[in-house]
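Descriptive analysis of the structure
Next come the chains, spelled out residue by residue.
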Amino acid sequence: QVKWKGKDLFDLVCRTLGLRETWFFGLQYTIKDTVAWLKMDKKVLDHDVPTEEPKTFHFLAKFYPENAEEELVQEITQHLFFLQVKKQILDEKIFCPPEASVLLASYAVQAKYGDYDPNVHKRGFLAQEELLPKRVINLYQMTPEMWEERITAWYAEHRGRARDEAEMEYLKIAQDLEMYGVNYFAIRNKKGTELLLGVDALGLHIYDPDNRLTPKISFPWNEIRNISYSDKEFTIKPLDKKIDVFKFNSSKLRVNKLILQLCIGNHDLFMRRRKADSLEVQQMKAQAREEKARKQMERQRLAREKQMREEAERTRDELERRLMQLKEEATMANEALMRSEETADLLAEKAQITEEEAKLLAQKAAEAEQEMQRIKATAIRTEEEKRLMEQKVLEAEMLALKMAEESERRAKEADQLKQDLQEARESERRAKQKLLEITSKSSYTQSMNSSTTALPTDLPSFNIINESLSFDFKDTDMKRLSMEIEKEKVEYMEKSKHLQEQLNELKTEIEALKLKERETALDILHNENSSRGNSKHNTIKKVS
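Model, not experiment: these values are computed from the prediction.

Looking at the side chain of Glu-167
By secondary structure assignment, the location of Glu-167 is in helix H7 (residues 163-174). Discounting chain neighbours no more than four positions away, the residues touching Glu-167 are Gln-78, His-79, Phe-82 and Ala-111.

Right, dumping it as structure tokens:
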């Protein structure tokens, strides 16, 4: 509305977002290539905002926490900081070394996609995602597939982290970057030397224009007595009167106003952190702890339900597999039974034929014997005829002997075939018995399977879980939760060492693929600081 002040518009945005930690944020606009922030006690239209319609304001974090995990209470606050810091890293407004960029990308993927599933997150699923600064991509001879492989390897290790946890891990790593939360302004000292002034949650820092990572001088907020400006001249008075007053000039009066706003706001937050929390903050933190405990219980309940469902599905699959196996065995037994029946029929038929042949040979042998007797009775009396007759008798005897042997062999073969027939019928009987056993097992398995399939939807233990969800957040529970949080802090310190080792390992791995000629000035400065063992915090302590 026309009469609205800056606070009215700002409060509307915060209510819409459900944001209560409003002191970190503001509405930003641009005027004549200079950034400015909407004043709360001044009408919106009285600001020197651009005249075109619609008027655009950016809802952004104006002040940054020293420790994101301790200071950011609401989940929406954490999410807004995550989005802003991630954009600043990708836009290269915050310098981030390559190995840390890969780790941060893996947490961003966990926040967006949830737990890694190789069946869902297949090769190429990050092809359209912007996860790494272009400077990092151009610095190495690596394909997008190679970057995705390294990001996915770390992404798989974050299993079990919810979105808010992954975003907080992102912020905890990002807050240790040298340019995190620093607002830079071009200034000149009394000698006219060009410098950069950095304003952040820890204090004021003076940089060389070519080195935004390592400050030359730092003034912590607790060591500054007064800050003021007159026209374009800015004055910093240290608490120690023995230290000289630091004066510098900015290019515009508007810039001095902005610097003073940031100084006042950061100093107020710096002092507030070192005092007891207000009732509002205490209430928010208590609500956050309760919400965290509730979510943890809900996650545990869902994990248990998921595990029970998976076990039930595995049991069902095993029973189905066993049922298929029994069906296959039944089919094979049935086929074997049919083959046994066919074999028995063939053997019976062959035995009958052999028996008939044996009878026929016995009959022929009897006829030959009769013929021999007849020949003997009717033998001619002459010697020649007698010799011929003796020869014929001898041949007849040989033939009779052969027929008798053939008859005996056929009789044995018939006996053997009868024995084979009996064995075939015995095999047929056993096959039928096994088929009956398999049929009875199949029916039992089907009944077990039907009961198991119904298991996930009506498990008695689910009722137990549901009954145990009524949870009163008593003092003992809060103390226990506090102890768990302290334990998590200790574990985090231990993990930090492991994390640094992982970062160094990745850095060593991709070092061979680096294109030295593409290194920026900030890359070189960061490498020099790392080789000296300098970090953001110990550097500020040294130059304070």
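Regarding a positive patch on the surface
Together, Lys-190, Arg-225, Lys-237, Lys-241 and Lys-247 make up a positively charged patch on the protein surface. Its location among the elements puts Lys-237 in strand E9 (residues 233-238).

What about the packing of aromatic side chains?
Per the stated rule, a full pass over the model turns up 18 aromatic pairs. Ring geometry for Tyr-140 and Trp-147: centres 5.8 Å apart, planes at 85 degrees, overall edge-to-face. The residues Tyr-140 and Trp-147 share a single accessibility class, namely buried. Cluster of aromatic residues (ring-pair linked, three or more members): Phe-10, Trp-23, Phe-24, Phe-25, Phe-59, Tyr-64, Phe-81 and Tyr-180. The lysine or arginine in question, Arg-212, covers the ring of Tyr-184, its NZ or CZ lying 4.8 Å from the ring centre. When the ring centre of Phe-270 is taken as origin, the NZ or CZ atom of Arg-274, which lies over that ring, is 3.6 Å away.

Focus: the pairing of strand E2 (residues 34-37)
Relative to E2, strand E1 (residues 25-31) is paired through 4 bridges, and the arrangement is antiparallel. Across the sheet, Tyr-29 pairs through a bridge with Ala-36, a residue of E2. Taking the residues that link successive antiparallel strands as the turn, the E1-E2 hairpin has 2 residues, and the phi of Lys-32 there is positive, at about 55 degrees.

A look at helix H13 (residues 521-532)
What sets the pattern is the α-helix's 3.6 residues per turn: residues three or four places apart point alike. Given a rise of 1.5 Å per residue, 12 residues ought to cover 16 Å, and the 17 Å separating the end C-alpha atoms of H13 matches this to within 8%. Looking only at H13, the buried set comprises Asp-523, Leu-525, His-526 and Asn-529. Looking down the long axis of H13, one finds its buried residues gathered within 165 degrees of arc, a one-sided arrangement. Of the exposed residues in H13, the ones pointing more than 90 degrees away from its buried face are Ser-531 and Arg-532. Those residues of H13 hidden inside the fold are in contact with helix H5 (134-139). Immediately beyond the C-terminal end of H13, within one or two residues, lies Gly-533, with a positive phi of roughly 80 degrees.

Some remarks on the sheet that holds strand E8 (residues 224-230)
Taken in spatial order, the 7 strands make up an open sheet running E7-E6-E5-E4-E10-E9-E8, and their pairing is antiparallel. Because the sheet does not close on itself, it has two edges, and the strands there are strand E7 (217-220) and E8. When the angles between neighbouring strand axes are averaged without regard to direction, this sheet yields 30 degrees. The sheet contact formed by E9 and strand E10 (residues 246-250) spans 4 bridges and is antiparallel. In the sheet register, Phe-234 faces E10, and the bridge partner there is Phe-248. Each of strand E4 (183-189), strand E5 (194-199), strand E6 (203-207), E8, E9 and E10 is contacted by helix H8 (residues 253-273), which is oriented at about 160 degrees to E8, the strand it contacts most.

Notes on the confidence of the model for the chain
Here the chain shows a mean pLDDT of 83. Residues at 70 or above account for 88%. Across residues 444-475, confidence stays below pLDDT 50; counting only partners more than four residues off in sequence or on other chains, it has 36 contacts.

Some details on unusual backbone geometry
At the junction of Glu-53 and Pro-54, the peptide bond is cis and its omega measures out at -10 degrees in the coordinates. Considering the arrangement of structural elements, one finds Pro-54 in the loop between E2 and strand E3 (58-61). Here Glu-92, not a glycine, exhibits a phi torsion of approximately 65 degrees, which is positive. Judged by relative accessible area, Glu-92 falls into the partly exposed class, the value being 36%.

Details of the pattern of salt bridges
Evaluated as defined, the whole model comprises 26 salt bridges. Of the charged contacts in the structure, one is a salt bridge between Asp-91 and Lys-87, with a shortest N-O distance of 2.7 Å. The partner of Glu-318 in a salt bridge is Arg-321, and the shortest N-O contact between them spans 2.5 Å. Placement of the pair is Glu-318 and Arg-321 together in helix H9 (residues 279-377), with a separation of 3 residues, close to one helical turn. For Glu-318, a relative accessible area of 41% translates into the label partly exposed.

Cut-offs used in this document
- Residues numbered from 1 in each chain as written.
- Predicted model: local features only at pLDDT ≥ 70, side-chain atom pairs only at ≥ 80, totals over all residues.
- Heavy atoms only, no water.
- Helix = DSSP H or I, 4+ residues; strand = E, 2+ residues; numbered from the N terminus.
- Contact = heavy atoms within 4.5 Å.
- Patch = residues over 30% accessible without salt bridge, like charges linked within 9 Å, V, L, I, M, F, W, Y side chains within 5 Å.
- Areas by Shrake-Rupley, 256 points an atom, 1.4 Å probe, with all protein chains shown as cover.
- Salt bridge = Lys/Arg side-chain N within 4 Å of Asp/Glu carboxyl O.
- Lys, Arg positive; Asp, Glu negative; His and termini not counted.
- Charge placed at Lys NZ, Arg CZ, Asp CG, Glu CD.
- Phe/Tyr/Trp six-rings, centres within 6.5 Å; stacked < 30°, edge-to-face > 60°.
- Buried < 20%, exposed > 50% of the residue type's maximum accessible area, 1.4 Å probe, protein only.
- Lys NZ or Arg CZ within 6 Å of the ring centre and 35° of its normal.
- Pairing = 2+ DSSP bridges.
- Expected span 1.5 Å × (residues − 1).
- Arc of directions from axis to C-beta.
- Axes fitted to C-alpha atoms, helices over the stretch in contact; angles between N-to-C directions.
- pLDDT = per-residue confidence, 0-100.

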